[in-house]
Amino acid sequence: MEVNTIKVSVIIPVYNDEVYLPDCLESVFNQTLKEIQVICINDGSTDHTSEILEKFSHKHQNMVIVNQNNMGAGKARNVGMAVASGEFIAFMDGDDYYPTDDVLECLYENAIRKNALVCGGSLSWDKKGFIIEKFVKEETIKSSEFNCPFSFTKYIYKRNMLLDNNVKFPDYKVMEDPLFLARVLSCVNEIYTIKKPVYRYRVLIHERRKYTKDIIIDILSSYYHMLNIAVDNRWTGMQEYLIEDFCERFYPYLCRYVCRSDRDVIDQIKKINCVILPEVIKNGREIVEKFSIQAIYEYQKTVQYEIEKFAEEVSKYRAVIIYGAGVAGKIVQTYLNDKIGIKASAFAVTSMEGNDRSFNHVEIKCINQLLDYKNTGLFIIAVAEKSRKEVEDILKKEGVANMYYIDYKLLDDII
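Residues numbered from 1 in each chain as written. Predicted model: local features only at pLDDT ≥ 70, side-chain atom pairs only at ≥ 80, totals over all residues. Heavy atoms only, no water.

S.K.: Tell me about the packing of aromatic side chains, residues and numbers included.
M.R.: Counted under the stated rule, the structure contains 24 aromatic pairs. Ring geometry for Phe169 versus Phe180: centroids 4.0 Å apart, planes at 5 degrees, classification stacked. On the criterion of sequence distance, the pair formed by Phe169 in the loop between α5 (159-164) and α6 (176-185) and Phe180 in helix α6 is long-range, its members being 11 residues apart. For the pair Phe169 and Phe180, a shared accessibility class is recorded, and that class is buried. Taken together, Phe91, Phe146, Phe152, Tyr155, Tyr157, Phe169 and Phe180 form an aromatic cluster joined through their ring pairs. The aromatic ring of Phe135 is capped on one face by Lys195, whose charged end is 5.7 Å from the ring centroid. The ring of Tyr257 carries the charged tip of Arg260 above its face, separated from the ring centre by 5.0 Å. (Phe/Tyr/Trp six-rings, centres within 6.5 Å; stacked < 30°, edge-to-face > 60°. Helix = DSSP H or I, 4+ residues; strand = E, 2+ residues; numbered from the N terminus. Buried < 20%, exposed > 50% of the residue type's maximum accessible area, 1.4 Å probe, protein only. Lys NZ or Arg CZ within 6 Å of the ring centre and 35° of its normal.)

S.K.: If you had to explain the environment of Lys389 to someone new, which residues and values would you point to?
M.R.: Relative to the helices and strands, Lys389 resides in helix α14 (residues 388-397). With a relative accessible area of 55%, Lys389 lands in the exposed category. Separated by 49 residues in sequence, Lys389 and Ile340 place their C-alpha atoms 27 Å apart.

S.K.: Explain the sheet that holds strand β15 (residues 403-405) to me, and be specific about the residues and the numbers.
M.R.: Reading across the sheet, the 6 strands line up as β12-β13-β11-β10-β14-β15 and stay open at both edges, with mixed pairing between neighbours. The open sheet has two free edges, formed respectively by β12 (358-359) and β15, since each of these has just one partner strand. Sheet analysis places strand β10 (residues 320-323) next to strand β14 (residues 378-381), joined by 4 bridges and oriented parallel. Residue Ile321 lies in a different strand from β14, and its bridge partner there is Phe379. (Pairing = 2+ DSSP bridges.)

As structure tokens, then:
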């Protein structure tokens, strides 16, 4: 294929993806848009990923393989961008896939039709064959109104725009992709989205991440630079979203390092405090104040109390059911089992679709199968804070008498 005919370059960093990589590549090569370049960066894989890539390359002349030592997904994507020659660039992870064969054709045609530098669509998730979709509108969104710089893989990007503005992924172990998208947004006036699902994440339960100091520093650095981009563009909405998002996802991990008087972490927090817009402070003073060092010390004092209170409450019941069989539920179950010697009677879920039958020898059951415990057992709500009320409403509707919410992140560092 002539270089000047390539419409989309698909960049795929791969690391030990032998299980799901064939499905991923099949979904790319089955695309109805044939003027594509597929660039796979083998980031130091130690399984059979290399053999899978070679097998596909023998069948597809438009495939490029780059082998390198393990350097992380961000650096791998930068290598891919240096190799890419397409008019647009798309990013794919080796364990995900395109939900339909016309994804790239639809994105490309809409980008050309609307003269868009960035064009995206809706997302979907594959949870062990159970498909969840979240739709966006077909519309043009101004960068100033785009508050959430996440899910970068659902867009295609004009390659010249990335090159002209030197937009690359930072060298972080985590949170490198939101910063990339925030940088893109600062370079374009608007993006165009279509309603069609254009990317499917495969929901996998990976090993529990350890929030080491290096990881926390990378997270803080990414949020700092995103907040700074928002300052430069006076994007108050994005700042508010990012602060709330950080506090929900990472605050307990951050606090531990502050209370250990870790100077590097404290310095990063001070930098973040310096770039919060006055309008954001005025609109969301309570959550902004959580970034003060004093507030973090006060918060950490309550953590030990909350954990002790939780252990005391759990010990009152002969039957303990954990509502939620995701990462949160498994952290709670490990804490109960390893730290206070209590074995959960079961995991409760709303639906068995997409769930295993057990975890760590504890059965996973639909909530309606566990109602014998509704008056005598304790139902621990182990979900993200944003889902708490929804779960509480479900349990109340089922007549559950005893429920207890615990922020699983409080337990994560002690198991």
